[in-house]
Amino acid sequence: MPAPILTTKLHLPPLRAKYVFRSTLLSKLNKGLASGSQLTLFSAPAGFGKTTLMSEWAANCHRSVAWLTLDEGDQTTAGFLGYLISALQTIHPALGEAEAAALHFSQNPPIEVLLVNLLNEIAAEPDPFLLVLDDYHLVDSREIDRLMAFFVEHQPGQIHLVILTREDPSLPLTRLRARNQLTEIRASDLRFNTAETADFMNQVMGINLKSEEIIKLDGQVEGWVAGLQLAGLALQGQKTPTLLSKPFTGSNHFVLDYLLDEVLTHQDGPTQHFLIQTSILDRLCGSLCDAITHNDSYNSQQMLETLEHANLFIIPLDNERGWFRYHPLFRDLLQKQLGQRLSNDAISGLHEQASQWFEEHDEPEKAIQHAISGKTFERAVMLAEASYASMDEAFRSAAWLAWVNKLPDQVVRKHPLLCIQMAMSLTDSGNLELSERYLQYADPMLSQTNAEGEVHLLAAKAALAHAFNAQLLGNLDETVRFANLSLQHTPTEDSFQRSQINVILGFTNWANGNLEAALNTMNEWMSSMLKLGNVMFVVASGFAVADILVGLGRLEDAEKSLIHCLELAKTQGLDAENILAHHYLGLAMISHERNNETTFKKFLQKAEETGNISTLPDWPYRYGLAQAVIYETEGDLERALVALDKAQTNYTVNPVPILRTTNALKARIHIKQNRLNKAHDWVQKQRLSISDDVTYLSEFDHLTLARLHIQEGDFSGVSDMLGRMLIAAKAQNRKGSLLEILTTMSLINDAQGNTTQALNVIEQALTLAEPESYCRLFIECGEPMRKMLETLSINQKHPLKRYVNNLLTAFSEVKNKTSPSFGASVLVEPLTDREIEILRLIAQGFSNEEISRQLYVVISTIKGHNLRIFDKLQVKNRTEAVAKAREIGLI
Amino acid sequence: MKEKTKPTIYTIKLKGRLSREWSEWLEAMTIEYEGENETIVKGDILDQSALFGLLKKIRDLGLPLISINQISNKPNQERK
């Protein structure tokens with residue numbers, strides 16, 4: 001669901017009919033812009049005329065201007081980015097369309113990826129423009145500061161950023177200054193000089209002051225325009241404008257305080273009331289003001305327009321004069337008056353009226369805010385509970401929490417639903433500890449076995465929140481326990497909540513290796529989504545079901561379910577197309593496993609086409625993994641390593657369990673390259689040991705560890721570990737795991753010379769693999785596997801003869817094509833890391849002498865290395881060595 | 001329950017004379033004067049976030065800040 005965008009925040013404040021033309025500042029600003037500076041910073045206290053100067057510049061900079069006024073609600077990166085895109089779209093409606101869609105589509109949008117895409121789109125804009133962020137000091141979030149720092153760091157020349165703030169932002173200002181990429185307008189620049197003060201008083205405020213009075217005034221307010229404006233308003237009421245009255249000279253009273261008193265006394269009664277009562281509002285419109293002032297003697301809309309006309313610190317927020325706001329400084333002054341003139345009860349009454357108005361006008365956030373300010377806490381709780389779901393969907397749960405946090409603790413505790421919602425929202429913001437604390441308040445609900453109605457629903461929600469927390473903490477058993485508990489309390493007709501729970505259960509069972517249970521819950525989830533008519537969700541999650549089926553060794557079924565999803569998508573029209581990239585990729589990878597080149601290429605091409613237009617956050621990661629597999633089969637191991645690194649940087653957190661980490665995949669390649677040191681580093685980092693209890697999540701790590709041991713000829717304990725893994729896989733009926741474990745077992749038996757045992761194990765694997773036409777599984781095991789299969793093929797009456805022969809044909813095809821993936825195992829004695837390093841330098845055309853200098857060793861050492869390299873590669877000279885090394889994929 | 005944070009006394013010195021009526025706005029801190037031209041805002045502040053909240057209010061009024069000091073707790077104060 002799209003987050004509601006307040007268009008008033010995107011409104012460029014209009015220039016008043018009369019203003020002081022600040023030519024010096026404007027030329028400074030334009031000079032900065034022309035010199036290609038990236039950022040203009042207006043940093044000065046309240047009331048120094050930052051916004052007015054910016055409006056003036058906007059009219060004189062000859063560029064389009066995108067404007068965003070920030071407020072206290074802008075504290076999440078997703079919400080902030082949403083507004084940023086909306087502001088940019090005032091320049092060009094198509095800017096950031098895909099990124100905005102992605103923000104709405106995902107609960108955990110990959111902010112950096114979206115920002116990079118957005119910056120690329122900005123770079124392609126035909127005309128340069130300005131992006132203004134006003135009131136940036138109201139943003140109080142390190143994440144947003146980081147996002148903006150990233151923005152500034154990668155900012156294309158098409159965009160010039162302007163920040164208006166009361167405090168310097170957390171951006172690399174020193175660096176920008178050093179590079180001359182920062183134009184600064186500070187308080188000292190903004191202060192009006194005597195001439196400007198005279199201009200302002202005489203032209204803008206329409207008061208004719210004598211020059212000595214101007215000088216006196218200037219000394220008093222020191223060019224602070226808010227002070228000048230208040231002084232002007234105070235003087236407008238006097239017949240002969242003079243400042244020589246008592247308190248203003250000599251005494252050092254807070255100037256604005258004094259001036260506001262003066263200004264108010266010059267207004268008529270209704271205006272005074274209006275100003276003071278409406279000071280509780282940060283945005284004003286006629287109907288809202290009517291609702292809180294209840295005064296028949298004026299019409300609020302007219303009042304607002306009169307105030308605007310009278311320069312009374314009121315700023316229109318749109319072109320229709322629908323919404324206004326007071327200058328924040330003026331509002332603070334008015335609010336202080338409010339506290340002095342009205343009783344607390346009366347002020348609470350005003351807030352309650354405002355809260356009701358906002359509730360009726362569907363602005364729950366403001367309604368809650370005023371209910372809390374008015375100390376009508378039960379009302380605030382009611383509003384907060386009712387608005388949580390929609391605000392959460394609109395990524396405003398952080399803002400929601402910020403408001404609810406202002407409620408007294410004893411009020412919160414009495415409301416279990418509110419506690420649960422707070423817990424959920426704290427979980428979203430990563431504060432699991434506090435989340436659990438709030439859940440405790442609701443826990444009594446969980447133990448009520450004879451619960452009915454309301455209590456049931458609360459118990460279901462509380463258990464669901466516990467399950468979420470356990471899932472995030474990686475506590476799989478607790479996740480399952482709470483999810484099941486939640487399911488018990490959730491009524492059958494609440495398909496939405498049931499499906500939420502089923503997703504948790506599905507992913508947790510998946511991570512636990514209970515693949516059949518995972519499949520069941522995913523299927524139930526999908527059918528309830530279909531019932532709700534949400535075909536898109538079903539299609540989008542189809543690839544996860546296929547992944548589980550692959551884990552179960554059911555390639556045929558995985559293929560069928562993916563094709564079924566494609567067909568389902570067709571019934572939805574083209575809209576569904578861009579979410580199908582994962583499905584085509586899944587089909588391609590199944591074809592790859594079966595060594596079916598034609599369908600592999602066909603599906604891969606479709607996957608790439610749809611992937612290019614996909615906004616799915618996990619696409620770059622999954623595609624990177626697939627690329628690595630493809631490079632590896634082509635024998636391009638270095639490229640495969642690069643693809644894996646790239647995939648890892650593109651990873652965004654999501655609930656799909658990671659069964660093969662990129663680091664383990666890299667270790668496999670390092671083993672193939674015989675760079676065993678690197679593989680060992682990984683083992684140490686992961687603290688892997690053959691005596692570990694192996695879980696489904698660490699299965700691939702341990703299989704890789706076994707491969708490393710086999711390569712090194714260190715067999716002790718490896719068979720035991722594989723045996724334990726085999727038992728676990730059998731218990732959960734994971735055929736995919738069984739096949740990997742059995743092939744590894746055959747390799748170790750073969751390496752130890754237990755030929756009969758090796759063949760026995762390989763026959764078990766072949767029996768399981770044959771119905772699903774696995775092929776790459778065996779080829780990837782390299783030469784030892786080929787030899788074992790060859791031995792089996794000698795028996796002409798072997799029941800698996802055809803399958804074995806097919807595999808052998810595949811082996812020979814692969815070998816004839818590029819075969820280098822066998823590199824390391826082809827050699828009798830593998831090359832060391834150092835030898836490979838030298839080989840690479842030789843391949844780059846360096847002489848022995850150059851290499852010796854580069855590696856800081858004497859030339860005779862290099863020559864010694866060369867001889868060993870030639871020997872191991874069975875070649876005679878450097879040229880042949882390079883050719884051979886390339887052929888077998890060493891370099 | 002979590003142990004309550006003990007409030008600390010702070011004095012905040014501002015340039016200019018701020019009338020005592022602002023006391024309530026500034027979290028009921030007391031307002032005193034130093035010399036002709038300086039205001040001292042003084043009182044208990046619950047914790048760091050309360051302190052920064054107060055400084056924001058002062059910033060938002062555009063009052064120049066001169067200094068801010070923590071008055072050390074009396075040595076015989078102990079945890080209960």
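Residues numbered from 1 in each chain as written. Chains lettered and ligands numbered in written order. Predicted model: local features only at pLDDT ≥ 70, side-chain atom pairs only at ≥ 80, totals over all residues.

Turning our attention to the overall build of chain B. Regarding its fold elements, chain B presents one helix and four strands. Ordered by position from the N terminus, the helices and strands of chain B form the series β-β-β-α-β. Here the contacts in chain B between residues at least 6 apart in sequence split such that 59% fall between residues at least 24 apart. (Helix = DSSP H or I, 4+ residues; strand = E, 2+ residues; numbered from the N terminus. Contact = placed C-beta atoms within 7 Å.)

When helices and strands are tallied, chain A shows 47 helices and seven strands. Residues classed as buried in chain A amount to 46% of the 891 residues present. Nonlocal contacts in chain A, meaning residues at least 24 apart in sequence, comprise 66% of its contacts between residues at least 6 apart. (Buried ≥ 20, exposed ≤ 12 C-beta atoms within 10 Å, placed from the backbone.)

With that settled, the discussion passes to helix α47 (residues 878–887) of chain A. Residue and element names in this part refer to chain A. All of the buried residues in α47 are A881, V882, K884 and A885. Around the axis of α47, the buried residues are gathered within 170° of arc, so they sit on the same side. One or two positions beyond α47, positive phi appears at G889, with a value near 80°. (Arc of directions from axis to C-beta.)

Another aspect to go through is the interface of chain B and chain A. On the chain A side, the residues contacting the 14 residues of chain B number 15 residues. Tallied by class, the residues present in the side of chain B that touches chain A amount to four nonpolar, four polar and six charged. (Nonpolar A, V, L, I, M, F, W, Y, C, P; charged D, E, K, R; others polar.)

Moving on, we get to the environment of E478 of chain A. Take E478 of chain A: it is sitting in helix α25 (residues 476–489). Separated by 10 residues in the primary sequence, E478 of chain A and F468 of chain A have C-alpha atoms spaced 9.8 Å apart.

Turning our attention to the sheet that holds strand β1 (residues 8–15) of chain B. Residues and elements named next belong to chain B. Read across the open sheet, the four strands follow the order β2-β3-β1-β4; overall the sheet is antiparallel. Two strands lie at the open edges of the sheet, namely β2 (30–34) and β4 (65–71), each paired on one side alone. Strand-to-strand, the axes of this sheet are offset by a mean angle of 20°, without reference to chain direction. Here six bridges tie β1 to β4, and the two strands are oriented antiparallel to one another. Pairing of I12 across the sheet is with I68, part of β4. (Pairing = 2+ DSSP bridges. Axes fitted to C-alpha atoms, helices over the stretch in contact; angles between N-to-C directions.)

For the rest of this paragraph, the subject is helix α23 (residues 432–442) of chain A. Residues and elements named next belong to chain A. When α23 is considered as a whole, its buried residues turn out to be S435, Y438, L439, Y441 and A442. Buried residues of α23, viewed axially, fall in a sector of 145°; they line one side. Exposed side of α23, more than 90 degrees from the buried face: E433 and Q440 are the residues found there.

Formed by 253 residues in total, the largest nonpolar core has its most connected members in V132, A384 and I548 of chain A. Counting residues in hydrophobic clusters, the runner-up holds 14 residues, among them L831, L839, L873 and L890 of chain A. (Core = buried A, V, L, I, M, F, W, Y, C linked by C-beta atoms within 7 Å.)

Let us now look at the sheet that holds strand β2 (residues 64–69) of chain A. Residues and elements named next belong to chain A. Taken together, the five strands give an open sheet; going across it, the order is β2-β3-β4-β1-β5, and neighbouring strands pair in parallel fashion. Of all strands in the sheet, those with a lone pairing partner are β2 and β5 (182–186), marking the two edges. Neighbour-to-neighbour, the strand axes of the sheet open up by a mean angle of 15°, direction not taken into account. Where β2 lies against strand β3 (residues 129–134), six bridges are found, and the strand directions are parallel. Considered in β3, the bridge of T69 is made with D134. Most of the contacts of helix α3 (residues 77–89) go to β2, to which it runs at about 150°, and overall it touches β2 and β3.

Once that is clear, we can look at the environment of Q38 of chain A. Residue and element names in this part refer to chain A. Relative to the assigned elements, Q38 resides in the loop between α1 (23–34) and β1 (39–43). Look at Q38 and you get buried, because 20 C-beta atoms sit within 10 Å. Each C-alpha atom of the pair Q38 and Q158 lies 9.7 Å from the other, and the pair is 120 residues apart in sequence. In this view, Q38 contacts V152, Q155, H160, L161, L176 and Q181; residues no more than four positions away in its chain are not counted.

Moving on: the packing of helix α28 (residues 535–551) of chain A against helix α29 (residues 555–571) of chain A. Helix packing geometry: the angle between the two helix axes and the distance between the axes. All names here are of chain A. Where α28 contacts α29, the axes come no closer than 8 Å and their chain directions differ by 170°. For the element pair α28 / α29, the angle class is roughly antiparallel. Between α28 and α29, the residues in contact are V535, V538, V539, G542, V545, A546, L549 and V550 and L555, D557, A558, S561, L562, C565, L568 and A569, respectively. The residue makeup of the contact of α28 with α29, split by class, is 13 nonpolar, two polar and one charged. (Parallel < 35°, antiparallel > 145°, perpendicular 65-115°, else oblique.)

What follows is about the pairing of β1 of chain A. All names here are of chain A. With five of five residues buried, β1 is to be regarded as a mostly interior element. Across the two faces of β1 the burial is the same, with L39, L41 and S43 and T40 and F42 all buried. Note: β1 against strand β4 (residues 159–165), five bridges, orientation parallel. Among the inter-strand pairings, S43 is bridged to a residue of β4, identified as T165. Sheet topology note: the β1/β5 ladder contains five bridges and is parallel. Paired with T40 across the two strands is T183, which belongs to β5.

Time to look at the pairing of β4 of chain A. Burial analysis of β4 of chain A places five of its seven residues in the buried class, the great majority of the element. In this fold, β3 of chain A hands off to helix α6 (residues 142–153) of chain A, which returns the chain to β4 of chain A; that crossover is right-handed. (Right-handed = clockwise from strand over helix to strand, strands pointing away.)

Residues and elements named next belong to chain A. Axis separation between α28 and helix α30 (residues 581–593) bottoms out at 8 Å; the angle between their running directions is 25°. Relative to α30, α28 is oriented roughly parallel. Judged by the sense of rotation from one axis to the other, the crossing of α28 with α30 is left-handed. Taken together, the residues of α30 that come into contact with α28 (itself represented by G542, F543 and A546) are H582, H583 and G586. Within the contact of α28 with α30, the residues separate by chemical class into two nonpolar, four polar and no charged. (Left-handed = near helix turned anticlockwise from the far one by under 90°.)

Attention shifts here to unusual backbone geometry. All names here are of chain A. If you check the backbone angles, H62 has positive phi at about 60° while not being a glycine. For N180, which is not glycine, the phi dihedral falls at a positive 60°. Relative to the assigned elements, N180 resides in the loop between α7 (173–178) and β5. N180 sits in the exposed class, given 12 other C-beta atoms within 10 Å.

Residue and element names in this part refer to chain A. For chain A, per-residue confidence averages 87 on the pLDDT scale, and 93% of positions sit at 70 or higher. For residues 244–252, every residue scores under 50 in pLDDT, and the model assigns this stretch 11 contacts once sequence neighbours within four places are set aside. Contacts for the low-pLDDT stretch residues 819–825, under 50 throughout, to residues beyond four places or in other chains number 24 contacts. (pLDDT = per-residue confidence, 0-100.)

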